[in-house]
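Descriptive analysis of the structure
So the chains spell out like this:
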Amino acid sequence: MARSIFWISTVLCLAFLALPLLLVLPLAFNTSSFLTYPMEGFTFAWFGEVFGQPSWTKAIWNSVKVAAGAMALAVLIGGLAATGVTLTGRVLQMVLSALFVSPVVVPSIVVAVAFAYAFGRAGLSGSYASLVLAHAILGAPLVFLSVLTSLRGLDPDLDRAAASMGASRLHRFRHVTLPLAAPGFLAGALFAFITSFDEVVVALFLAAPESTTLPIALFSGLRDRLQPTIVVVALLLSLVSLLFLLAMGQMQKRGAAASRN
Amino acid sequence: MSFIEIQSVNKHYGAVQALYDVSLSIAKGEFVTLLGPSGSGKTTLLKILAGFDPVTSGTIRMAGRDITSVPPERRNFGLVFQGYALFPHMTVADNIAYPLKVRRRPRGEIAEQVRAMLDLVQLGKFANRKPQELSGGQQQRVALARALVFRPDLLLLDEPMSALDKKLRFDLQEELRDIHRRLGTTFINVTHDQEEAMHMSDSIAVMNHGQIEQFGPAFTLYRQPANRFVAGFVGKSNLLEGRIAQGRFQAGDIVLSLPGAAAEGRVALMLRPEDVELAQAPVEGGKAALPAEVVSATYTGDRAIYTAAVGPEARFLVYGSARTGLIPEGSRVHLAFDPQDCLLLR
């Protein structure tokens, strides 16, 4: 009984999540310029096209820049918020946590409109800064949650022990808390990076032609011309996300091993 | 001249009061144990001494200086935690070096002190291991070395042996006592294990319900307990509830003439199990004797442990010699003891 439930859920899961991807991805290597089966031949030409076209390479480069900036800012904001929250009382901790997580809960279209309006007012619309800032705000709650989880997993006696040995609060944070919570910071950073790298809605509202990110380029590519280049880009995006997820899994495993004692 | 002076310390957690007017003075170089059951306030008192918890009222002085509101990092007290609290991302040597690095001592001096400390706790070979690769007893010794390497004014130990097995505990107690003698640092240990307390300490403060019931050396606590709680918590004892009237103690059918008993009214008579003898023949003069029946007899190798019934309710625990075998259960005997060994507790 339990076995059959396991197999049914596994098969359904794969069918819904993985099958559409697996069906589309081979078309990146199709010689035909139409997105149709059966495949006519095998080629890497579309990869060459993507890396040769300035519109794609620019978008890739923009995405990397925005994601890196958003990640750095999100780690700073989310990490500080989580560290601060652990030092407060129980009630305040609940209120502050809810506030810090709220950007995730609000529908992204609402956030996007708010950002577009606010940045427009501030004269930042279309700039890298606006994208980095907006994505950092979306990524910070993820960093916050991940850092908070790893800080809560720390034995509070470690901090007390360091205090009894004469270490100031800053010294304790730098040499005891931070190294032990590092897996949480790293996981949060990866989350923030992927979130920004994949983000469409807010970017759609904020990006100018010269600051277009990869998901936007993909989106407009879909509207203009259905070509295997789009599948190539989608494949690349999936690969980046997959790599990051694998890295995160590794880190969490190591984090768990380190905090077990 | 006392070194640590705890004066009328009260501690409230919300509506709950954890410490009631606790006062204690500890001499320099003394090994003091706070002994009590869980919830007695001993750990609260230790946290207050360490500076992790503020007092609600009262003061703590060290060498005459008021340290009540000094934060833990400026107290210069060593601490050994129940779960050791070793830094898992540092090697054993780095753990021990941490307090010296905080104090910005020169590198050469740090290396030298760490080596001396590792030798003291016999862990020289393990300097480059991570704490989680060591056994419980070894981790315990690293924690001790780390808490002592910076020559603290006071070492606080929070149930340091509770996670170890019995044999290891005994060895570590010996070792700790030895280290205390060699260094001369003032130690304050917290435990619920009265054997551990008696094994290591110069003085023991017995705590219950947030108060200190009695403070004194092990001998005084055992032979002259101040009240029923101390008598029951420190060692085994027989407590017989009764009344004193005209120099005689009376509990149900049992009547004993106690020449020294001046007080009147309700009391408990305390008698240690080793002060009672099971006599199969009538006893000679000078000793009191109560007719009894052996209810249970247990052989533990070094001695025989008997439970003897006196009348329908009173049960006496008696330690006897087991060299010639046990007195069988159901035997009619006499409980013989010197009335001088009886202690009357209010």
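Nothing here was measured: the structure is a model prediction, and the numbers come from that model.

Turning our attention to the pattern of salt bridges. Across all of its chains, the model carries 15 salt bridges over all chains by this definition. Residue B:R223 pairs with B:D275 through a salt bridge whose shortest N-O separation is 2.9 Å. Taken as a pair, B:R223 in helix α7 (residues 218-223) and B:D275 in the loop between β14 (265-271) and β15 (277-279) lie far apart in primary sequence, 52 residues in all. Among the residues examined, B:R223 registers a relative accessible area of 24% and is labelled partly exposed. For B:D275, a relative accessible area of 17% corresponds to the buried category. The partner of B:D341 in a salt bridge is B:R223, and the shortest N-O contact between them spans 3.9 Å. Linking B:D341 in the loop between β19 (332-337) and β20 (343-345) with B:R223 in helix α7, this pair joins segments that are 118 residues apart in sequence. Each of A:D159, A:R172 and B:E73 takes part in a single network of salt bridges with overlapping partners.

With that settled, the discussion passes to the sheet that holds strand β18 (residues 314-320) of chain B. Residues and elements named next belong to chain B. Strand order in the open sheet formed by five strands is β15-β19-β16-β17-β18, and the pairing between neighbours is antiparallel. The strands lining the two open edges of the sheet, one partner per strand, are β15 and β18. Strand after strand, the sheet turns through a mean of 45° between neighbouring axes, direction not considered.

Residue and element names in this part refer to chain B. As paired strands, strand β11 (residues 238-245) and β14 are joined by seven bridges and run antiparallel to one another. Bridge pairing in β14 places L239 opposite M270. For β11 and strand β12 (residues 248-251), the ladder comprises three bridges, and the chain directions are antiparallel. Residue pairing in the sheet places A245 in a bridge with R248 of β12. The antiparallel hairpin formed by β11 and β12 contains two residues in its connecting segment, where Q246 sits at a positive phi of about 50°.

Quick look at the pairing of strand β10 (residues 211-216) of chain B now. Residues and elements named next belong to chain B. As paired strands, strand β9 (residues 203-208) and β10 are joined by five bridges and run antiparallel to one another. Considered in β10, the bridge of M207 is made with I212. Between the end of β9 and the start of β10, which pair antiparallel, lie two residues, with H209 showing a positive phi angle near 50°.

Once that is clear, we can look at the packing of aromatic side chains. For any two aromatic rings, the description comes down to two numbers: the centre-to-centre distance and the angle of the planes. Residue and element names in this part refer to chain B. Tallied over the full model, the rule gives 14 aromatic pairs over all chains. Each ring, one from F229 and one from F233, has its centre 5.4 Å from the other, and the planes form 10°; the classification is stacked. Here F229 pairs with F233, and both are found in helix α8 (residues 228-233), just four residues apart, close to one helical turn. Given a relative accessible area of 22%, F229 falls into the partly exposed group. The aromatic ring of Y13 is capped on one face by K11, whose charged end is 4.9 Å from the ring centroid. Taking the ring centre of Y222 as reference, the NZ or CZ of R272 above it sits at 3.8 Å.

Scoring rules and cut-offs
Residues numbered from 1 in each chain as written. Chains lettered and ligands numbered in written order. Predicted model: local features only at pLDDT ≥ 70, side-chain atom pairs only at ≥ 80, totals over all residues. Heavy atoms only, no water. Salt bridge = Lys/Arg side-chain N within 4 Å of Asp/Glu carboxyl O. Helix = DSSP H or I, 4+ residues; strand = E, 2+ residues; numbered from the N terminus. Buried < 20%, exposed > 50% of the residue type's maximum accessible area, 1.4 Å probe, protein only. Pairing = 2+ DSSP bridges. Axes fitted to C-alpha atoms, helices over the stretch in contact; angles between N-to-C directions. Phe/Tyr/Trp six-rings, centres within 6.5 Å; stacked < 30°, edge-to-face > 60°. Lys NZ or Arg CZ within 6 Å of the ring centre and 35° of its normal.

Purely geometric numbers; function is a separate question.
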